[in-house]
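Structural overview for review
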Amino acid sequence: MNWNQALSDHFKQTLQKLISQEKCELSTLPDVQFSKPAQKIHGDVATNIALVLAKPLKMKPREVADRIVPALAAKADLFAKVEIAGPGFINMWIQPHVLLSVLEDISRENEKYGHSTLGQGKKVQVEFVSANPTGPLHIGHGRGAIYGDVLGNVLAAAGYDVSKEYYVNDVGVQMTTLGRSVYLRLQELQGQKIEFPETCYQGAYIRDIAREVLALDPKIASSSEADAIAFCGKYAGDKILKEIQDDLAATGVIHDVTFFEHELHEHDAVKKVFQKLEKSGHTYEQDGALWFRSTVFGDDKDRVLRKNDGSLTYFAADIAYHEHKYARGFDRIIDIWGADHGGYVARIKAVVQALGYEADSFDAVLIQLVNLIRDGELISMSTRSAQYETLADVRNEVGKDACRYFFLMRSHHAQLDFDLNLAKSESTENPVYYIQYAYARIQSVFRKALEKGLKPPKTCDLTLLNLPEEIDLAVFLSEYRQVVHDAAAGLEPHRIAFYALELALAFQGYYSQAKHDDRYRFLTDDAKATEAKLYLLKNIAIVLHNALTLMGLSAPEEMIKGKEDT
RNA sequence: GCGCCUGUAGCUCAGUGGAUUAGAGCAUCAGACUACGAAUCUGAGGGUCGUAGGUUCAAAUCCUGCCAGGCGCGCCA
């Protein structure tokens, strides 16, 4: 049983009765909001409903509370105590066995615990990374990758049918520039004097690719420049994309779909979407260019689709791409971009509406930038000079799990300082190992129990879990459902990271009590008590495991220094 | 100039669909291992919630102005 539900049901009945007795202007019942009091002395759960109802009932808040409380207190199977406090808060103490009942839910639902039906099976596409295959991923991409990956996991847990997608811009000037960069390096390798423009890609990997192309086809330089550049571009693009995908896989990120821009052009998707927009009057011609009337939907200015030289803008293909997304049957689309694309949001939102889809069905999430900190110093990044830190470098230095967790440690709305020293340290300071250690520690207890022939039981006598920390832990475990729900509803996967850390902290505190209080020992001669402790531990482990899994982190059986993330 | 994001303890940050005494980690200081892993725990100090107003019985939270930082304002991608 979910006691939150029971509580809310009981309130509804009680209030309905009260409102029908009093002549009151309320036609509908206001939503009763429950909150966990900041102070323990205010009970397990509290509500301000008496303060909210005071005005419509034309009573003083405390009088309203006086009318509500007896009906609540009468329900002794749910409430241990109900009090009125302060201006009219109703503070409630829930029966311990009710609070503990969540353990049975967790045991039963196991890896499904924390899942919900928020998404109602709706198809949602999460598109992220989508870096052009012109060079290795940097840490900014890394943050977007982890955010998108974990958001997808969280949405799936919340009952959405999730598809993770990578959009490859394999058409356009960037690919030509890539081809030219390789071609120039290739000529250089052949001893020609070249001028390498600043606009070309400066990284050393370009030379490596040039070398490969040359080995593959030594005569390449003698074909026409346009052909050679096209060949180099295609070769380099394919190779770099492969490397990006390997890089992502090594970081634990796998996209369900890789979508190539050239597919849109092959199917005249751009032309077709132009026709659709024209038919609905959302485009016009001016100064030799084709424009999209995005100002109708609140954009700052109208946007060009086809330039006066006849070529298409990036935006044009993107419109076709989004039309294609909807055509594939997604009920909801989430695009994850770097903060530098903020100016792009309004026009895509406009497109979505112009194409006839609900504005609410589309979200563009902007991920703020990442600062890399080493020894307390900011490592400046410059793409121009190719001195940026790659995702691969960071991951190899700190390990996959630490890398992922650190990207989740901050709300995506805010810039992230990624402290390399801290991420690398295999110590108590590092939250990711702290969480994993809590899990490993429970597994260690289970190994010890097994030596005595004991296994975590399927059920137990809950009344034996009567220490305050045990009740608190059960309450905290019950909050996990809401955390996952909120993380999905608000597109805020970082909530999982904070929750997991807090749960680990709560467990470690509980565990350590045993040093000076035998009541906290798990494995004792009292078989029933031992069973109950193991049962609680099992449920903590399940929730830790679920949270770690959502974040794409391993839940290790044991921690061995220097051996994580191999 | 306009738009978006951010400003909370020395540091890094939670909390922002209002509500009882604003939280965590790190750092600092003081303590705790002959028993389930000390990669641990307990305690202490530390905050005009950027600022000035406003709404409210009640504001870190809602509204407005201002200050500071980041990003963006292309017939680039």
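All values reported here derive from a predicted model rather than from experimental measurement.

**Here we look at the sheet that holds strand E2 (residues 45-47)**
If you walk across this open sheet you meet the four strands as E1-E2-E4-E3, and the pairing is antiparallel. Only two strands of the sheet have a single partner each, and these edge strands are strand E1 (34-35) and strand E3 (79-85). In this sheet, E2 lies alongside E1 in antiparallel orientation, the contact comprising two bridges. Residue Phe34 lies in a different strand from E2, and its bridge partner there is Thr47. Each of E1, E2, E3 and strand E4 (89-94) touches helix H1 (residues 3-21); the most contacted strand, E4, lies at about 135° to it.

**Things to note about the packing of helix H6 (residues 139-157) against helix H15 (residues 400-408)**
Contact pair H6 / H15: the axes reach a minimum separation of 9 Å and the direction vectors enclose 80°. It follows from the interaxial angle that H6 and H15 lie roughly perpendicular. When H6 is examined against H15, the residues Ile139, Gly142, Arg143, Ile146, Asp149 and Val150 are found in contact with a partner set consisting of Arg404, Phe407 and Leu408.

**Digging into the packing of helix H19 (residues 480-489) against helix H20 (residues 494-512)**
At a closest axis distance of 8 Å, the pairing of H19 and H20 adopts a crossing angle of 160°. Taken together, the axis directions place H19 and H20 in an arrangement best described as roughly antiparallel. In this structure, H19 uses Tyr480, Val483, Val484, Asp486 and Ala487 to contact H20, whose residues at the interface are Arg495, Ile496 and Tyr499. Class assignment for the residues of the contact of H19 with H20 results in six nonpolar, no polar and two charged.

**Side note on the domain arrangement of chain A**
Segmenting chain A into domains produces domain 1 (3-94), domain 2 (173-250) and domain 3 (431-550). Using only C-alpha atoms to locate each centre, domain 1 and domain 2 end up separated by 70 Å.

**Quick look at the side chain of His494**
Note that His494 resides in helix H20. In this structure His494 touches Leu408, Arg410 and Ser411, once residues within four positions along its chain are discounted.

**Focus: the pattern of salt bridges**
Within this structure, the stated rule accounts for 30 salt bridges. Two residues, Glu397 and Lys424, come together in a salt bridge whose shortest N-O distance is 3.2 Å. Taken together, the positions of Glu397 in helix H14 (residues 391-398) and Lys424 in helix H16 (residues 420-424) put the pair 27 residues apart, joining distant regions of the chain. Residue classification places Lys424 among the partly exposed residues on the basis of a relative accessible area of 40%. The partner of Arg519 in a salt bridge is Asp517, with the nearest N and O atoms 2.8 Å apart. Look at the salt bridges and you will find they share partners, linking Asp105, Arg108, Glu109 and Arg481 into a network.

**Side note on the packing of aromatic side chains**
Scanning the entire structure with this criterion turns up 20 aromatic pairs. With a centroid separation of 6.3 Å and an interplanar angle of 35°, the aromatic rings of Tyr167 and Phe259 are classed as tilted. Residue Tyr167 is found in strand E6 (residues 161-168), and its partner Phe259 is found in strand E7 (residues 257-260); the two are separated by 92 residues along the sequence. Each member of the pair Tyr167 and Phe259 is classed as buried. With 6.1 Å between their ring centres and 55° between their planes, Tyr314 and Tyr344 make a pair best called tilted. Taken as a pair, Tyr314 in helix H12 (residues 314-327) and Tyr344 in the loop between strand E11 (332-338) and helix H13 (345-354) lie far apart in primary sequence, 30 residues in all. Residue Tyr314 is classed as partly exposed on the basis of its relative accessible area of 45%.

**Side note on unusual backbone geometry**
Across the chain, the bulk of peptide bonds are trans and the bulk of non-glycine residues have phi less than zero. If you check the backbone angles, Val129 has positive phi at about 70° while not being a glycine. As for its placement among the helices and strands, Val129 is situated in the loop between strand E5 (123-127) and H6. Judged by relative accessible area, Val129 falls into the buried class, the value being 13%. You will see that Asp268, though not glycine, has its phi angle at about 55°, which is positive. Considering the arrangement of structural elements, one finds Asp268 in the loop between helix H10 (261-266) and helix H11 (269-279). Classification of Asp268 as partly exposed rests on a relative accessible area of 39%.

**A word on the sheet that holds strand E13 (residues 370-374)**
Pairing within the open sheet is mixed, and its three strands lie in the order E14-E13-E15. The open sheet is flanked by strand E14 (377-379) and strand E15 (416-419), the only strands paired with a single partner. Each strand axis lies, on average, 40° off the axis of its neighbour in the sheet, ignoring direction. Looking at chain direction, E13 and E14 are connected through three bridges and run antiparallel.

What counts and how
Residues numbered from 1 in each chain as written. Chains lettered and ligands numbered in written order. Predicted model: local features only at pLDDT ≥ 70, side-chain atom pairs only at ≥ 80, totals over all residues. Heavy atoms only, no water. Pairing = 2+ DSSP bridges. Helix = DSSP H or I, 4+ residues; strand = E, 2+ residues; numbered from the N terminus. Contact = heavy atoms within 4.5 Å. Axes fitted to C-alpha atoms, helices over the stretch in contact; angles between N-to-C directions. Parallel < 35°, antiparallel > 145°, perpendicular 65-115°, else oblique. Nonpolar A, V, L, I, M, F, W, Y, C, P; charged D, E, K, R; others polar. Domains from an automatic or database assignment. Salt bridge = Lys/Arg side-chain N within 4 Å of Asp/Glu carboxyl O. Buried < 20%, exposed > 50% of the residue type's maximum accessible area, 1.4 Å probe, protein only. Phe/Tyr/Trp six-rings, centres within 6.5 Å; stacked < 30°, edge-to-face > 60°.

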